[in-house]
Every structure is written in structure tokens, then in C-alpha cells.
Amino acid sequence: IFDLDRFKLINDSLGHRIGDLLLIEVAERLKRVGRASDTIARYGGDEFVILVDGFSNIDVLVDIVTRMVGELDRVAVIEGNGLHISTSVGISLYPDNGLDMDTLLRQADTAMYHAKALGGKRFHFFTNELNRQTTHRLKLENALREAVLEEQFELYYQPQVDLDTGNIVGAEALVRWNHPELGLVSPDQFISLAEETNLIQPIGEWVLKTACEQAANWRQYINPELSIAVNVSALQLDSAEFINGVVAVLDKTGLPAESLEIEITESSVMNRPERMIDVLNTITALGIRLALDDFGTGYSSLSYLRRFPF
């Protein structure tokens with residue numbers, strides 16, 4: 001349930017005709033952001049009800065509602081009047097919060113009033129646990145965006161040692177997020193979020209550049225044959241600029257292509273195998289080495305894996 005904040009004030013000060021035009025504008029904005037499968041209805045007064053169906057996880061629902069709230073937060077110009085509107089949103093889930101429409105609407109209404117009591121311009125789930133999870137995720141997402149801007153990331157290097165000689169012959173770059181309050185945050189807590197928000201692109205670029213610079217330095221002072229391994233997301237591989245970015249980093253750092261190893265997880269290459277085969281063949285044509293990570297942890301097609309240039 002979407003309830004417009006302070007709509008009564010607009011009706012009372014500018015008249016119901018302006019209020020009606022504003023409701024039409026709100027409906028159009030919700031339709032623009034909503035998916036074709038969503039049902040959007042004006043429920044009465046300044047309330048809209050949206051039925052969201054077929055989402056795979058709660059993060060998809062959060063993304064839809066967040067975009068809708070953001071869309072309504074923009075100034076609406078109605079007959080020369082710049083109207084600032086915001087909305088309070090209550091969310092209930094089937095079957096967790098009810099098995100029939102009346103119950104679900106009542107629970108969503110209760111959640112909406114909680115959102116309004118907290119100052120409006122936000123959404124609230126009927127269950128406290130979902131609210132806690134969602135609040136934590138949004139805080140983490142905002143903090144991650146700041147981390148990208150402020151370069152709060154660090155690279156740790158796991159050495160690869162030749163057991164015969166004891167020499168370090170290579171290293172794997174491992175990214176850590178050094179949060180000013182939380183301290184070191186491990187990748188399993190933020191990489192999936194970075195992929196969902198596409199922040200993986202700037203983070204991945206920084207990791208690749210920093211790791212190659214460090215490897216070039218080590219080759220000069222420690223071991224001229226040393227190589228560096230960097231983990232790469234499937235989203236990075238799918239970017240049209242990825243190959244050009246890798247070439248630019250190698251040119252800038254002076255690191256030979258054969259001294260860079262790109263690690264890709266089994267699940268990432270199996271999601272879009274035909275596309276990944278083309279990308280990985282282009283990478284190996286440059287002389288860069290490839291490694292398959294997390295082998296056996298997901299669905300594998302050995303006949304497909306044999307086609308990859310690992």
C-alpha cells in the first residue's frame with residue numbers, strides 16, 4: 001500500500017482539481033517503474049495498492065519498491081505548481097502475512113502506518129525480521145557506495161610457493177573492505193551485493209589495477225617470473241569494456257600478459273556458457289592464463305567445461 005504524505009494539504013490549499021491531476025501523475029509514475037506483470041490500482045483517496053507477483057527473492061521486491069519511492073520523490077509540476085510529494089509504503093507478503101486479500105491489505109495498511117509514524121518517505125514490512133534484514137541491506141549498500149568513492153578496499157595476497165625450491169612464484173589477490181566502523185569485511189558479505197548493484201565494475205577495475213601494479217613491482221625486486229591471480233565476476237566478463245580495460249592495465253603497469261591469471265568460478269561460466277566461451281577465448285588469445293575456481297560446487301556439465309580454454 002502506497003499512501004501519499006501530506007496529500008490533504010495539497011487538496012486544501014490548491015483545490016481538488018490540482019489534487020486529482022497529481023493523482024494521475026502519481027499513477028503514471030508508478031506505471032513507468034512497475035513491471036508489466038504488476039497490478040497497480042488507486043484504492044481510494046490518496047492510497048494506491050500494488051500487487052507484485054513472481055519475484056525470485058525479497059531483494060527483487062525491495063528494488064521495485066525502492067525505485068517506485070524514488071520516482072514519486074521527484075517534484076511534480078501541475079499547472080505551474082511545483083509539488084513535492086513523497087510516500088509511505090506498507091508491505092505484506094503471501095502466504096507469510098495472510099492467505100486472503102483482506103488480511104494482506106490489513107497487514108500492509110498496518111505496516112504503512114508504521115512507515116508514516118517513522119516520518120514517511122520510506123517503506124515498512126509487516127514483519128520486524130524482514131524490516132531488520134532490509135534496513136541492514138540498504139545501510140550496507142549505501143556504505144558500499146561510499147567505500148567505492150573513498151577507496152576503502154585493501155588487497156591481501158595469498159602466496160603460491162614452489163615446494164621444491166621454497167620460492168614464491170605467484171600470488172592470488174584477495175579483496176577486503178576496510179570499513180571505518182566494522183573493520184575488515186570479507187568478500188562473502190559484500191561481493192554478492194556489489195554484483196546486484198553493479199558496483200562490482202568499479203571494485204573489479206580497482207582490484208585488477210592494484211594487483212597488476214603490485215605484481216610488476218614484485219617482479220622487479222623479488223622474482224622476475226612471478227605471476228598474479230585475480231578473481232573476476234561474470235558481470236565483469238560480460239561488460240563490453242572488460243577486455244579493453246585489461247589490456248590498458250597491462251600496458252600501464254608493464255606486466256606481461258602471461259603473468260596475469262584470471263580466476264572465474266564454475267557457476268559464473270555455466271550461467272551463459274556460449275557467451276563465456278567467446279569472452280574467455282579472447283582473453284587467452286592475449287596470452288592471459290585462466291583458472292577455474294570453486295570447481296564441483298555447482299551444477300557442472302563436463303562436456304561444456306571441456307570447451308572452455310582453461
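The paragraphs below set out a description of the structure included in this document. (Residues numbered from 1 in each chain as written. Predicted model: local features only at pLDDT ≥ 70, side-chain atom pairs only at ≥ 80, totals over all residues. Heavy atoms only, no water.)

**Description of the overall build of the protein**
The criterion, for reference: A run of H or I in DSSP becomes a helix once it reaches four residues, and a run of E becomes a strand once it reaches two; helices and strands are each numbered from the N terminus. We compute the radius of gyration over the C-alpha atoms and compare it with the globule rule, which gives 2.2 Å times the number of residues raised to the power 0.38. Accessibility here uses a 1.4 Å probe with only protein chains present; expressed as a share of the type maximum, an area under 20% marks a residue as buried, one over 50% as exposed, and anything in between as partly exposed. Contacts: residue pairs with any heavy atoms within 4.5 Å of one another. Residue-level accessible areas treat just the shown protein chains as cover; the underlying method is Shrake-Rupley with a 1.4 Å probe. His is not counted, nor are the chain ends; Lys and Arg add positive charge and Asp and Glu add negative charge. Positions of charges follow a simple convention, taking NZ of Lys, CZ of Arg, CG of Asp or CD of Glu.
Scanning the protein from terminus to terminus reveals 12 helices and 13 strands. Against the globule reference of 19 Å for 310 residues, the protein gives a C-alpha radius of gyration of 25 Å, more extended than a compact globule. Its C-alpha atoms give the protein principal-axis dimensions of roughly 80 × 40 × 35 Å. Looking at the protein residue by residue over its 310 residues, the buried ones come to 44%. Expressed as a percentage of contacts within the protein between residues at least 6 apart in sequence, the contacts between residues at least 24 apart total 66%. Carbon and sulfur atoms make up 51% of the accessible area of the protein, which amounts to about 16900 Å² in all. Averaging the coordinates of the 27 positive side-chain charges in the protein and doing the same for the 46 negative ones gives two points 6 Å apart.

**Describing the side chain of S227**
Rules: Identification of polar contacts relies on pairs of N or O atoms within 3.5 Å, with a donor-acceptor requirement for protein atoms, meaning one able to donate a hydrogen and the other able to accept it, and with residues adjacent in sequence counted only if both atoms are side-chain atoms.
Of note, S227 is situated in strand 11 (residues 227-231). At a separation of 3.1 Å, a polar atom in the side chain of S227 contacts the side chain of R289. When near neighbours in sequence (up to four residues on either side) are disregarded, S227 contacts Q160, V169, G170, A171, S259 and R289.

**A few points about the packing of aromatic side chains**
Just so we agree on the cut-off: Two aromatic rings from Phe, Tyr or Trp, using only the six-membered ring of Trp, form a pair when their centres are within 6.5 Å; if the ring planes differ by under 30 degrees the pair is stacked, by over 60 it is edge-to-face, and anything between is tilted.
With the rule as written, the count across this model stands at seven aromatic pairs. The interplanar angle of 45 degrees and the centroid separation of 6.3 Å between the aromatic rings of F153 and W206 together place this pair among those described as tilted. On the criterion of sequence distance, the pair formed by F153 in strand 8 (residues 153-161) and W206 in helix 7 (residues 200-221) is long-range, its members being 53 residues apart. Judged by relative accessible area, W206 falls into the buried class, the value being 18%. Between Y157 and W218, the ring centres sit 4.9 Å apart and the planes meet at 75 degrees, which makes this aromatic pair edge-to-face. Of this pair, Y157 sits in strand 8 while W218 is found in helix 7, placing the two residues 61 residues apart along the sequence. A relative accessible area of 24% means that Y157 is categorised as partly exposed.

**Focus: the pattern of salt bridges**
Opposite charge on two side chains permits pairing when their charged atoms draw close. Our working rule: Note on definitions: salt bridges are taken to be side-chain nitrogens of Lys or Arg within 4 Å of carboxyl oxygens of Asp or Glu.
On inspection of all chains with the given rule, the structure shows 16 salt bridges. Note that D3 and K116 form a salt bridge whose closest N and O atoms lie 2.7 Å from each other. Taken as a pair, D3 in strand 1 (residues 2-4) and K116 in helix 4 (residues 101-117) lie far apart in primary sequence, 113 residues in all. In this structure D3 comes out as buried when scored by relative accessible area, which is 8%.

**Observations concerning the environment of I91**
As for its position among the elements, I91 is in strand 6 (residues 87-91). Linking I91 and V52, residues 39 residues apart in sequence, is a C-alpha distance of 10 Å. Every residue in contact with I91, bar those within four places of it in the chain, is listed here: L61, V65, A108, A111, F123, H124, F125 and F126.

**Quick word on the pairing of strand 12 (residues 260-265)**
Condition: Paired strands are those between which DSSP finds at least two bridges.
Judged by how many residues are buried, strand 12 sits mostly within the fold: five of six residues are covered. Direction of pairing for strand 11 relative to strand 12: parallel, over a ladder of four bridges. Paired with V230 across the strands is I262, a residue of strand 12. Here five bridges tie strand 12 to strand 13 (residues 289-293), and the two strands are oriented parallel to one another. Residue pairing in the sheet places E261 in a bridge with R289 of strand 13.

**Description of the pairing of strand 11**
For strand 11, a buried count of four out of five residues is recorded, marking the element as mostly surrounded by other parts of the structure. Here strand 9 (residues 168-179) runs beside strand 11; their pairing, made up of four bridges, is parallel. Residue pairing for strand 11: A173 is matched across the bridge by V230.

**Considerations on the nonpolar core**
Cut-off, in case you're wondering: In plain words, nonpolar cores are sets of buried Ala, Val, Leu, Ile, Met, Phe, Trp, Tyr and Cys residues tied together by side-chain atoms within 4.5 Å.
One finds L144, F153, W177, L237, L260, I262 and I283 to be the most contacted residues of the largest nonpolar core, which totals 49 residues. Sorting elements by how many residues they give to this core places helix 7 first, with nine residues. I262 has contacts with V230, V232, F242, I283, I288, R289, L290 and A291, leaving out every residue within four places of it along the chain. In terms of nonpolar packing, the next biggest core, distinct from the first, is built from 29 residues, L23, L61, F123 and F125 among them.

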